[in-house]
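Given next are the chains, with one letter for each unit.
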Amino acid sequence: MKLHYASEPTASQWWNWRWQLEHAAHDLEEVAAYLGVEPSRFDSCREAAERYPLFVTPYYLSLAQSAELTDPILRQCIPSDEEIRNQQGGDPDALAEDAHSPVPRLVHRYSDRALFVTGNICAMHCRHCMRKRDWSKCLPPPTDDELSAATGYLADHPEVREVLISGGDPLMLPEDDLRKIVKAFSAVPSVEILRFGSRVPCVLPQRVTPRLAAILSCGKPAWLACHFNHPWELTKEVSAACDFLNRGEVSMVNQSVLLKGVNDNAEILGKLFTSLLKFHVKPYYLFHGDPIEGAMHFRTGVEAGLKIMDQLRGRISGMALPAFAFDLPGGKGKIRLQPEEVLRRTPEGVPVFRSWLGEEVAYPDGRG
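Enquirer: Explain the layout of surface pockets to me, please; I cannot follow it from the model alone.
Expert: The method is simple in principle: a probe with the dimensions of a water molecule rolls over the atoms, and the space it marks as empty is what remains. Approximately 230 Å³ is the volume found for the second largest pocket. In terms of lining residues, the second largest pocket is bounded by 14 residues, among which D98, R105, V117, D134 and L139 are the most central. Counted by class, the lining of the second largest pocket contains 5 nonpolar, 1 polar and 8 charged residues.

Enquirer: What is the right way to read the pairing of strand β2 (residues 113-117) from this model?
Expert: Look at any regular strand and the pattern is simple: side chains alternate between the two faces of the sheet. For β2, the buried fraction is high: 4 of the 5 residues fall into the buried class. Of the pairings in the sheet, the one linking strand β1 (residues 106-107) to β2 comprises 2 bridges and is antiparallel in character. Residue L106 lies in a different strand from β2, and its bridge partner there is F116. Relative to strand β3 (residues 162-166), β2 runs parallel, the two sharing 5 bridges. What sits directly across from A114, in β3, is V163. Between β2 and its parallel partner β3, the chain crosses via helix α7 (residues 144-155), and the hand of that crossover is right-handed.

Enquirer: Looking at this model, I keep getting lost on the packing of aromatic side chains. Mind explaining?
Expert: Both the distance between ring centres and the angle between the ring planes are used here to describe each pair of aromatic rings. Under the counting rule described, the total for this entry stands at 8 aromatic pairs. Measuring from centroid to centroid gives 6.4 Å for Y5 and W19, while their planes differ by 55°, and the two rings are tilted. Of this pair, Y5 sits in the segment before α1 (11-14) while W19 is found in helix α2 (residues 17-22), placing the two residues 14 residues apart along the sequence. When the centroid spacing of 4.3 Å and the interplanar angle of 45° are considered together, the rings of Y284 and Y285 count as tilted. Taking relative accessible area as the criterion, Y284 reaches 28% and is therefore assigned partly exposed. Put simply, the rings of Y5, W14, W19, Y34 and Y59 pair up and form one aromatic cluster. Above the ring of Y110, the side-chain terminus of R113 is found at 4.2 Å from the ring centroid.

Enquirer: Could you clarify how one ought to interpret the environment of L321 in this entry?
Expert: Here L321 lies in the loop between α13 (302-312) and β8 (323-328). The class for L321 is partly exposed, based on a relative accessible area of 25%. When the C-alpha atoms of L321 and P231 are compared, they prove to be 15 Å apart, with 90 residues separating the residues in sequence.

Enquirer: I keep staring at the sheet that holds strand β11 (residues 351-354) and nothing clicks. Help me out?
Expert: Strand order in the open sheet formed by 3 strands is β10-β11-β12, and the pairing between neighbours is antiparallel. Edge positions in the open sheet fall to β10 (342-345) and β12 (360-362), since each of these has one partner strand only. Shown here is a sheet whose adjacent strand axes are inclined to one another by a mean of 30°, direction ignored. For β10 and β11, the ladder comprises 3 bridges, and the chain directions are antiparallel. Following the sheet pairing, V342 is matched in β11 by F353.

Enquirer: Would you mind showing me how to read the packing of helix α12 (residues 266-278) against α13 here?
Expert: Two measures define how a pair of helices packs: the angle their axes make with one another and the distance between the axes. Relative orientation of the contacting elements α12 and α13 amounts to 60°, with a least axis distance of 9 Å. With respect to their mutual orientation, α12 and α13 come out oblique. Relative to α13, the crossing made by α12 is right-handed. Residues A266, L269, G270 and F273 of α12 form the contact with α13, whose own contacting residues are I308, Q311 and L312. In terms of residue class, the contact of α12 with α13 is made up of 5 nonpolar, 2 polar and no charged.

Enquirer: What's the story with the pattern of salt bridges in this structure? I'm lost.
Expert: Close approach of charged atoms allows side chains of opposite charge to pair. Inspection of every chain in the model, using the stated rule, returns 23 salt bridges. Here R113 and D112 are joined by a salt bridge, their closest N and O atoms 2.8 Å apart. Since its relative accessible area comes to 30%, R113 is described here as partly exposed. Judged by its relative accessible area of 23%, D112 falls in the partly exposed class. The salt bridge partner of D144 is K180, with a shortest N-O separation of 3.0 Å. Here the residue D144 occupies a position in helix α7, and K180 occupies one in helix α8 (residues 175-186), the gap between them amounting to 36 residues. Overlapping salt bridges bring together E29, D43 and R46 as one network.

The rules behind each value
Residues numbered from 1 in each chain as written. Predicted model: local features only at pLDDT ≥ 70, side-chain atom pairs only at ≥ 80, totals over all residues. Heavy atoms only, no water. 1 Å grid on protein atoms, 1.4 Å probe; cavity = no way out; pocket = protein on both sides within 12 Å on 5 of 7 lines; lining within 4 Å. Points joined across faces, edges and corners; volume = space filled by probe spheres on them. Nonpolar A, V, L, I, M, F, W, Y, C, P; charged D, E, K, R; others polar. Buried < 20%, exposed > 50% of the residue type's maximum accessible area, 1.4 Å probe, protein only. Helix = DSSP H or I, 4+ residues; strand = E, 2+ residues; numbered from the N terminus. Pairing = 2+ DSSP bridges. Right-handed = clockwise from strand over helix to strand, strands pointing away. Phe/Tyr/Trp six-rings, centres within 6.5 Å; stacked < 30°, edge-to-face > 60°. Lys NZ or Arg CZ within 6 Å of the ring centre and 35° of its normal. Axes fitted to C-alpha atoms, helices over the stretch in contact; angles between N-to-C directions. Parallel < 35°, antiparallel > 145°, perpendicular 65-115°, else oblique. Left-handed = near helix turned anticlockwise from the far one by under 90°. Contact = heavy atoms within 4.5 Å. Salt bridge = Lys/Arg side-chain N within 4 Å of Asp/Glu carboxyl O.

Here you go:
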């Protein structure tokens with residue numbers, strides 16, 4: 001979408017991540033100016049914007065194809081009155097991260113993995129964020145003492161072999177802080193893999209440079225879990241960012257969230273997943289939305305997700321097909337689901353499966 005500017009950016013400005021952040025929209029009036037519409041268009045969004053402030057770069061706004069609030073890009077970045085109504089059952093911390101934090105910033109839920117929260121600064125306030133509760137907090141980069149406490153805990157728990165470095169967004173940290181974190185966790189002998197959770201390649205790809213990729217890969221083997229939700233997010237800027245990461249020996253997977261009104265459609269998700277492979281990004285998870293207060297309106301219901309996965313099965317490459325999953329409340333872990341394919345058993349006890357074409361096919365399972 002063509003945005004409206006007080007002064008049209010040059011190509012070098014557009015590709016400069018600092019320019020993007022300096023010109024990011026912080027309120028509905030700025031969004032209206034960029035989209036070329038009257039601010040009154042967003043009157044119904046104002047209460048939600050006060051509770052959950054908006055922050056979005058010109059780059060991400062430009063991906064929208066209309067100024068309608070139903071646009072799948074705008075729906076991910078513009079506040080909605082749905083965020084403050086019909087939120088029954090929502091919990092600010094549905095996954096009980098605070099309850100599973102043995103030392104500040106570290107969450108240890110799974111035996112062989114731990115998560116480290118680097119701060120709460122992001123390149124965009126995603127309206128479906130699972131950590132909306134942290135938006136109003138002041139959470140700067142970790143101190144040396146906090147980092148030491150986390151690495152000390154990991155040294156005492158050698159069963160942890162993978163650390164997920166999350167946020168906010170770790171790729172928004174000052175480079176010296178990010179390098180310090182990478183070096184600190186890489187120095188723990190039992191840690192084998194560092195995984196970074198980031199939406200920067202999607203919402204601010206200009207931030208990804210060869211220098212940043214080198215920082216990510218300066219310690220233990222680096223994986224980046226990206227977060228693309230819609231095929232419109234795959235642009236030439238994203239292609240450049242992924243190329244830097246690939247050349248910098250950072251492997252990439254993608255975690256999408258199934259969002260009502262954004263991507264709850266097999267055709268849209270099929271295009272997203274197959275296109276990601278061209279960027280050397282493996283679709284890893286399609287998550288059913290967590291029951292987060294302020295994001296309940298995005299949830300589709302698990303059955304809708306299973307139906308979409310069934311429609312994709314056999315119609316796109318297995319390499320492009322992610323696992324469909326959700327997180328149990330209270331931090332009880334992930335559940336992976338797939339459509340039911342065993343229809344019945346014959347009188348002889350042979351299972352009958354449903355092929356991707358809907359055919360019923362008996363398959364002796366080898367039981368004696």
